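The residues making up each chain are set out below.
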Amino acid sequence: MRTYRNRTAVLVSAATAALALSLTACGGDDGGTKSAGPTDRTASAASSTSTTPVARSGDKEQGGETQSGGEGAAEQSGGKSQGQGAPQQGGGQGESAQSGSGTKAAKAGTPLCTAKGLKITAERQDGPPYTHLTLSAKNTSGASCEMKEYPHIHFLDNARGIVPPVAKSKPASPVVLEPGQSAYVAVRMSEGGRKENTETVKEFTVTLKANGGGMAVVKSPVAEGLSVNPQKWATGYWTTELRNGADEF
């Protein structure tokens, strides 16, 4: 019986010691856990602290983007300004266009010169031989008018055709005559050769076909008449003054 009790006591003591050790271990674990808790919190706080600057840095970057966005806004604002400026410029262009169209309208509204409102005369150019003629058309209508293209000149009968135009003589801008102003045309009658086959005319007709018609009969500036060669004659375009090069042919 004593042996059994001693064994029981030993077992109880061992169990108690084991329980104490277990409790100690658990207490250590709890302590460790508790000590680890602040560490984790510190780490978490540190992580939060380190995250916060990143977030702030991100905010700064976002701020940078916002600034960039601000630049975009400025650009948009600039775009709006330009947009607002564009209508003004567009308005200016519109005004210019309207002004230009007004000018065009004014030009378009300028009546065409008619044979009745013009005094057309002829004069020989330097010679002899007299190979060229200058036609002048003075505006006697009392109002501005426009001369278009070239005169349709018939030196001989209609079957012989009109004097053909020289393309390089065509002016770049419309020819508008003020009252009393004249338009001019250079006309080649012949080449002035001795053996050249020419015909003499004492008057000829000038038709303003491009101006809607109307014909004027022009007399020779000299009593003996003008020598013309249907194979060589040519005419320039109406212009306010005869030009070097363009009206030399």
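### A closer look at the overall build of the protein chain
Counting secondary structure elements, the protein chain contains one helix and eleven strands. Listed N to C, the secondary structure of the protein chain is α-β-β-β-β-β-β-β-β-β-β-β in terms of helices and strands. Classification of the 249 residues of the protein chain by burial places 26% in the buried group. Put simply, 76% of the contacts in the protein chain that link residues at least 6 apart link residues at least 24 apart. If you sum the accessible surface of the protein chain, you get close to 16000 Å²; carbon and sulfur atoms cover 52% of it.

### Some points on the layout of surface pockets
Space inside the largest pocket adds up to approximately 150 Å³. Residue lining of the largest pocket: Glu-146, Met-147, Lys-148, Glu-149, Lys-170, Pro-171, Ala-172, Ser-173, Pro-174, Val-175, Tyr-237 and Trp-238, and that is the complete set. Residue composition of the lining of the largest pocket, grouped by class: seven nonpolar, one polar and four charged.

### What about the confidence of the model for the protein chain?
A residue-level look at the protein chain finds 57% of positions with pLDDT of 70 or above and a mean pLDDT of 72. In this model, residues 1–12 is a region of pLDDT below 50 whose contacts with residues beyond four sequence positions or in other chains number zero contacts.

### A closer look at the sheet that holds strand E9 (residues 215–219)
In space, the three strands of this open sheet follow the order E4-E8-E9, with antiparallel pairing throughout. Each edge of the open sheet is held by one strand with a lone partner, namely strand E4 (152–154) and E9. Taken over all neighbouring pairs, the strand axes of this sheet differ in orientation by 25° on average, direction set aside. Pairing between E4 and strand E8 (residues 203–207): three bridges, direction antiparallel.

### A look at the state of the cysteines
Enumeration according to the criterion identifies one disulfide in this entry. The side chain of Cys-113 participates in a disulfide bridge whose partner is Cys-145; the two sulfur atoms lie 2.0 Å from each other. When the S-S torsion is 90°, as for the bridge of Cys-113 with Cys-145, the disulfide is right-handed. With Cys-113 in the loop between helix H1 (2–109) and strand E1 (118–124) and Cys-145 in strand E3 (residues 145–147), this residue pair connects regions lying 32 residues apart in the sequence. Since its relative accessible area comes to 5%, Cys-145 is described here as buried.

### Digging into the side chain of Ser-136
By the secondary structure assignment, Ser-136 is in strand E2 (residues 132–139). Among the polar contacts listed, one links the side chain of Ser-136 to the side chain of Thr-121, at a separation of 2.8 Å. Residue contacts for Ser-136: discarding those within four places in its chain leaves Lys-119, Ile-120, Thr-121, Ala-183 and Tyr-184.

### Focus: the side chain of Ser-220
Turning to its location among the elements, Ser-220 is positioned in the loop between E9 and strand E10 (226–228). For Ser-220, a relative accessible area of 14% gives the class buried. Excluding anything up to four places from it in sequence, Ser-220 contacts Val-201, Lys-202, Glu-203, Gly-225 and Leu-226.

### As for the pattern of salt bridges
Following the criterion strictly, the structure yields five salt bridges and no others. Lys-148 is paired through a salt bridge with Glu-146; the nearest N and O atoms lie 3.6 Å apart. Lys-148 sits in the partly exposed class, given a relative accessible area of 34%. For Arg-243, the salt bridge goes to Asp-247, with nearest N and O atoms at 3.0 Å. According to the relative accessible area criterion, Asp-247 is buried, its value standing at 8%.

### A word on the pairing of E8
Counted residue by residue, E8 has four buried out of five residues, so it is predominantly covered. Of the strand pairs in this sheet, E8 and E9 are connected by five bridges, and their pairing is antiparallel. Counted as the bridge partner of Thr-205 is Val-217 from E9.

Rules of the game
- Residues numbered from 1 in each chain as written.
- Predicted model: local features only at pLDDT ≥ 70, side-chain atom pairs only at ≥ 80, totals over all residues.
- Heavy atoms only, no water.
- Helix = DSSP H or I, 4+ residues; strand = E, 2+ residues; numbered from the N terminus.
- Buried < 20%, exposed > 50% of the residue type's maximum accessible area, 1.4 Å probe, protein only.
- Contact = heavy atoms within 4.5 Å.
- Areas by Shrake-Rupley, 256 points an atom, 1.4 Å probe, with all protein chains shown as cover.
- 1 Å grid on protein atoms, 1.4 Å probe; cavity = no way out; pocket = protein on both sides within 12 Å on 5 of 7 lines; lining within 4 Å.
- Points joined across faces, edges and corners; volume = space filled by probe spheres on them.
- Nonpolar A, V, L, I, M, F, W, Y, C, P; charged D, E, K, R; others polar.
- pLDDT = per-residue confidence, 0-100.
- Pairing = 2+ DSSP bridges.
- Axes fitted to C-alpha atoms, helices over the stretch in contact; angles between N-to-C directions.
- Disulfide = S-S within 2.5 Å.
- Polar contact = N/O pair within 3.5 Å; in protein donor to acceptor, adjacent residues only side chain to side chain.
- Salt bridge = Lys/Arg side-chain N within 4 Å of Asp/Glu carboxyl O.

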